[in-house]
Amino acid sequence: MTITSTHVDVRDLVVRYRRRTALNGLDLRLGAGVHGLLGPNGAGKTTLMRVLATVVRPASGGVTVLDGDVTGDARLRQVRRRLGYLPQQFGYYPRFTVREFVEYFAWLKEVPRDRIPAAVDRAIERAGLLDRADERLKRLSGGMLRRAGIAQAIVNDPDVLLLDEPTAGLDPEQRVDFRELLRVLGVDACVLVSTHLVEDVAAACADVTLLHEGRAVFRGTPAELAARGAGGDGDSPIERGYTAVLRAARSA
Amino acid sequence: MSWHVPEATLRAYSDGRAGDADAWSVEAHLVECERCRHAVGGPSTDAIVSAARPAALPPQGRVRRAGRWRGAVLLTASGPAARTAWLVAAVVVLALAVAMDTTWESRGFAWLTLVAPLLPVAGVATAYGSGLDEPGEIVASTPAGGLRLLLWRTLAVLAVSVPAALLAGVWAGSPAVWLLPALGLTAVTLAVGSVTGLGPAAVAVGLGWAAAVAGPSVGEHASGPLLAPDAVTVWIPLTLAAAATVVLNQHRFAHLRRPSREA
Amino acid sequence: MTAGEGSDDELLRRIGSGDRAAFEAFYDRNAAWLAVRIRRRCGDADLTADVLQETFLAVWRAAGSYAGAGQSGGWLWSIATRRLIDAHRRRAVRAVVVGELDDDRGHAAAPSAEDEVLAGTYDAELATALDRLSPELRAVLQATVLDGLTVRETALLLDVPEGTVKSRAVRARRQLREALS
Ligand SMILES: [Zn+2]
């Protein structure tokens, strides 16, 4: 499957929170496929997710998502209909059931009305939560809550799917299922997965971007990251590659 | 339906022998016509049909129809008007106001008049992006998550608090002079909130209203000029101006005001 | 025959309230045509059976949301198309894994026999116009117009880039319009 188009185009992106600079001149282009986003805490992963999710406006730079400039308002609504976003942490209405929660976001994402029930059913099925679909959210475990979050993110069949630490709270078996879902989603959508679990990236991502202090210090395949491993620490080649690239970036 | 697919065409289609143009017509018709739909099939599909028959049917779950109002129900059900804590607070505040009015009737100051228009203001303050049980970051990334969601919830808050305050007023025997101010203050809260955020806006509006009502009452007047019958000429233009401000500033509700955590 | 006792609408209503016998009856009536239509899109009996089963399980779960009057055919097909596309996605993942990506081409081709146009063709003008289109243009038109797929889903089903789908759709519509005018 070779669908070549640019889903996300970020140029010289700068984002500041009060005095701290979270992203500092980031350039990034992403097409269809599963892309891993790695980096230590504070490197700017979550900020990048928020900007691409159109939740936070950048201080400067160009951000194009699905051919729409999301630093302005004109195309925002069209772009948002085709977005899926799972933040690292999200509040929820404890009395909503999983089905109501996912349905709520189907309405907010303006999925055509006659398609909503089937779309909700399919999203919950893909997230592996069908047997708990009518359970109230407050009764779910952390891992199940995260899967409810994944279901809402994919309910509109997004072209750009942003997942911030999606495997947090999932047990090993669920993580294997989730990676399989990621690969399927990445066939024709641009899926950006931020994670601190390097093995998730190795297993599911076609390429990896490593952020350090608001800039991309590495972009390549997991194999290429592993090949940089000489002199790094870690249990696996890719972890050694990760630490080696970071070390080089810090000393630069 | 008067026209149906000829038998021979249907057989050819069932066996996978129909050309594209024929198949196009057949398929366009089948979607509309049960009779022809049920006549499709034959030796070439029997194996697939029997292989695919679900052996065991799982529990069905509570699937809801996507009716015209279902969306509005979900959008408001997640807002403050449907939140028990807010409802309880509203009832308690109204009851207190009525109790104080009936206890100190002679003072001429109407607590209900002070409190009633502020109920929707308080509801609006928590209606959107306040972080209360709210997946605010996800909501902010959706096309309908901005002003539209806020207006539905505001409507729900008004629909609950205004009748409740009216009932309280009937019970206490005090006139509903606060009705227009309630709408006006709610609109002003939204308008100011489009610039400052809804929380600060509600606080400012609340203090302003308290000063306007309580201030004059200290100086002998039973109710301030903002509650006089001719205050209509103030409230209606104010409400309209506030509504216009909200519409003009609607893009300001399209983003998250304060990201909850830096990262 | 779109309403009343024993119609598909009536069966769906009963399925929605948990009637298993109604589900069996609905399956007996509608599985075959759906199987034929799905098979024309994917040309693979096993995949067709998978998609068919997933579709009907979804029907079982979602029947309670069906509110239409006489649109059960379209409703059923719209569920089936999403499942069909999902199956193609899964197949694309497997193809990448075993490296058979390019052998996958052409799987969506319908029977090529142009000479099989049978006697008694209806809508003769449209049929002739469609026949004059190249198979590539016709496939795009079929997926986007007849099957109601998005550009992205069409690209996946036909295994061509989205840009190609868009340009072919424009060309197909133009040629069709010219042929019909
Ligand atoms: Zn017919």
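Draft legend 1. Highlighting the overall build of chain B. Scanning chain B from terminus to terminus reveals 13 helices and zero strands. The order of helices and strands in chain B, counted from the N terminus, is α-α-α-α-α-α-α-α-α-α-α-α-α. Across the 263 residues in chain B, those meeting the buried criterion constitute 50%. Sequence separation of at least 24 residues holds for 70% of the intrachain contacts in chain B that already meet a minimum separation of 6. Per element, the accessible surface of chain B, about 12200 Å² overall, is 67% carbon and sulfur.

Draft legend 2. Quick look at the coordination of the zinc ion. Residues and elements named next belong to chain B. Taken together, H4 (ND1), H29 (NE2), C33 (SG) and C36 (SG) make up the protein donors of the zinc ion, found 2.0 to 2.3 Å from the metal. Around the zinc ion, the four donor atoms sit at angles spanning 100 to 131°, and that spread fits a shape best called tetrahedral. Read from N- to C-terminus, the donor residues coordinating the zinc ion fall into the pattern H-x24-H-x3-C-x2-C. Of the two residues, H4 is situated in the segment before helix 1 (7–14) and C33 in the loop between helix 2 (20–30) and helix 3 (34–39); the sequence distance between them amounts to 29 residues. Under the relative-accessibility criterion, H4 is labelled buried at 17%.

Draft legend 3. Summary view of the packing of aromatic side chains. Evaluated as defined, the whole model comprises 13 aromatic pairs over all chains. Ring centres of W69 of chain B and W152 of chain B lie 6.4 Å apart, and the angle between their planes is 85°; on these two criteria the pair is classed as edge-to-face. Within this pair, whereas W69 of chain B is found in the loop between helix 4 (43–52) and helix 5 (70–77), its partner W152 of chain B is found in helix 10 (residues 147–172), the two being separated by 83 residues in sequence. On the basis of an interplanar angle of 55° and a centroid distance of 5.1 Å, the ring pair of Y66 of chain C and W75 of chain C is categorised as tilted. Classification of W75 of chain C as buried rests on a relative accessible area of 13%. Taken together, the ring pairs connect F90, Y93, F96, F101, Y104 and F105 of chain A into an aromatic cluster. The side chain of R37 of chain C reaches across the aromatic face of W77 of chain C, ending 3.8 Å from its centre.

Draft legend 4. Spatial organisation of the pairing of strand 8 (residues 190–194) of chain A. All names here are of chain A. The buried fraction of strand 8 amounts to five of the five residues, a majority that puts the element mostly inside the structure. Examined bridge by bridge, strand 7 (residues 160–164) and strand 8 share five bridges and lie parallel to one another. Following the sheet pairing, L161 is matched in strand 8 by V191. Chirality of the crossover, the property in question, places the unit of strand 7, helix 6 (residues 172–185) and strand 8 among those that are right-handed.

Draft legend 5. Representation of the interface of chain C and chain B in the model. Facing the 61 residues of chain C at the interface are 46 residues of chain B. Counting the contacts that link chain C with chain B gives eight salt bridges. Its salt-bridge partner being E24 of chain C, residue R53 of chain B comes within 2.6 Å of it at the nearest N-O pair. The element contributing the most residues to the side of chain C that touches chain B is helix 2 (residues 20–42) of chain C, with 16 residues. Counted by class, the side of chain C that touches chain B contains 31 nonpolar, 16 polar and 14 charged residues.

Draft legend 6. Local environment of the domain arrangement of chain A. Residue and element names in this part refer to chain A. One can read the domain layout of chain A as domain 1 (6–82 + 159–251) and domain 2 (90–157). The distance between the C-alpha centroids of domain 1 and domain 2 comes to 24 Å. Taken together, the 18 residues of domain 1 in the interface contact eleven residues of domain 2. Together domain 1 and domain 2 conceal approximately 1100 Å² of surface at their shared face, both sides included; 55% is due to carbon and sulfur atoms. Summed over the shared surface of domain 1 and domain 2, the result is two salt bridges. Salt-bridge contacts for E110 lead to R81; the nearest nitrogen and oxygen are separated by 2.7 Å. Linking domain 1 with domain 2 are four residue pairs in polar contact (both at pLDDT 80 or more), by the criterion used here. Elements with a minimum of two residues in the side of domain 1 that touches domain 2: helix 2 (76–81), strand 7 and helix 6. Considering each element in turn, the side of domain 1 that touches domain 2 owes the most residues, five residues, to helix 6. Class assignment for the residues of the side of domain 1 that touches domain 2 results in nine nonpolar, two polar and seven charged.

Draft legend 7. Quick look at the sheet that holds strand 7 of chain A. Residues and elements named next belong to chain A. What the six strands build is an open sheet, ordered 6-7-8-3-9-10; its pairing is mixed. Edge positions in the sheet fall to strand 6 (83–86) and strand 10 (215–220), since each of these pairs with one other strand and no more. Each strand axis lies, on average, 15° off the axis of its neighbour in the sheet, ignoring direction. Sheet strands in contact with helix 9 (residues 237–251) are strand 3 (33–38), strand 9 (207–212) and strand 10, and its direction is about 35° off that of strand 9.

Draft legend 8. Just helix 6 (residues 135–146) of chain C, in detail. Within the sequence span of helix 6 of chain C, burial applies to L137, R138, V140, L141, Q142, A143, T144 and L146 of chain C. Once helix 6 of chain C ends, the next one or two residues include G148 of chain C, with phi positive near 70°.

Draft legend 9. Spotlight on the environment of F26 of chain C. Residue and element names in this part refer to chain C. Mapped onto the secondary structure, F26 falls in helix 2. On a C-alpha basis, the gap between F26 and F56 in space is 9.4 Å, while along the polypeptide they are 30 residues apart. Beyond its immediate chain neighbours, meaning those up to four positions away, F26 contacts D8, L11, L12, I15, A31, F56, V59 and L76.

Draft legend 10. Structural context of a positive patch on the surface. Judged by side-chain charge, R95, R136 and K138 of chain A together with R62 and R64 of chain B come together as a positively charged surface patch. Among the structural elements, R95 of chain A can be located in the loop between strand 6 and helix 3 (98–108).

Draft legend 11. Quick look at the interface of chain B and chain A. Facing the 39 residues of chain B at the interface are 46 residues of chain A. Summing both sides of the interface, chain B and chain A together bury roughly 3800 Å²; the carbon and sulfur share of this comes to 57%. Summed over the shared surface of chain B and chain A, the result is three salt bridges. For the salt bridge of E137 of chain B with R50 of chain A, the shortest nitrogen-to-oxygen distance reads 3.0 Å. There are twelve residue pairs in polar contact (both at pLDDT 80 or more) connecting chain B and chain A. Among the secondary structure elements, those contributing two or more residues to the side of chain B that touches chain A are helix 5, helix 9 (136–140) and helix 10 of chain B. Here the side of chain B that touches chain A gets five residues from one element, more than from any other, and that element is helix 5 of chain B. Split by residue class, the side of chain B that touches chain A holds 16 nonpolar, twelve polar and eleven charged.

About the cut-offs
Residues numbered from 1 in each chain as written. Chains lettered and ligands numbered in written order. Predicted model: local features only at pLDDT ≥ 70, side-chain atom pairs only at ≥ 80, totals over all residues. Heavy atoms only, no water. Helix = DSSP H or I, 4+ residues; strand = E, 2+ residues; numbered from the N terminus. Buried < 20%, exposed > 50% of the residue type's maximum accessible area, 1.4 Å probe, protein only. Contact = heavy atoms within 4.5 Å. Areas by Shrake-Rupley, 256 points an atom, 1.4 Å probe, with all protein chains shown as cover. Donors = N, O, S within 2.8 Å, 3.2 Å for Na, K, Ca; no water. Tetrahedral: all angles 85-135°; square planar, octahedral: opposite > 155°, others 65-115°. Phe/Tyr/Trp six-rings, centres within 6.5 Å; stacked < 30°, edge-to-face > 60°. Lys NZ or Arg CZ within 6 Å of the ring centre and 35° of its normal. Pairing = 2+ DSSP bridges. Right-handed = clockwise from strand over helix to strand, strands pointing away. Salt bridge = Lys/Arg side-chain N within 4 Å of Asp/Glu carboxyl O. Nonpolar A, V, L, I, M, F, W, Y, C, P; charged D, E, K, R; others polar. Domains from an automatic or database assignment. Buried area = accessible area lost by both parts, 1.4 Å probe. Polar contact = N/O pair within 3.5 Å; in protein donor to acceptor, adjacent residues only side chain to side chain. Axes fitted to C-alpha atoms, helices over the stretch in contact; angles between N-to-C directions. Patch = residues over 30% accessible without salt bridge, like charges linked within 9 Å, V, L, I, M, F, W, Y side chains within 5 Å. Lys, Arg positive; Asp, Glu negative; His and termini not counted. Charge placed at Lys NZ, Arg CZ, Asp CG, Glu CD.

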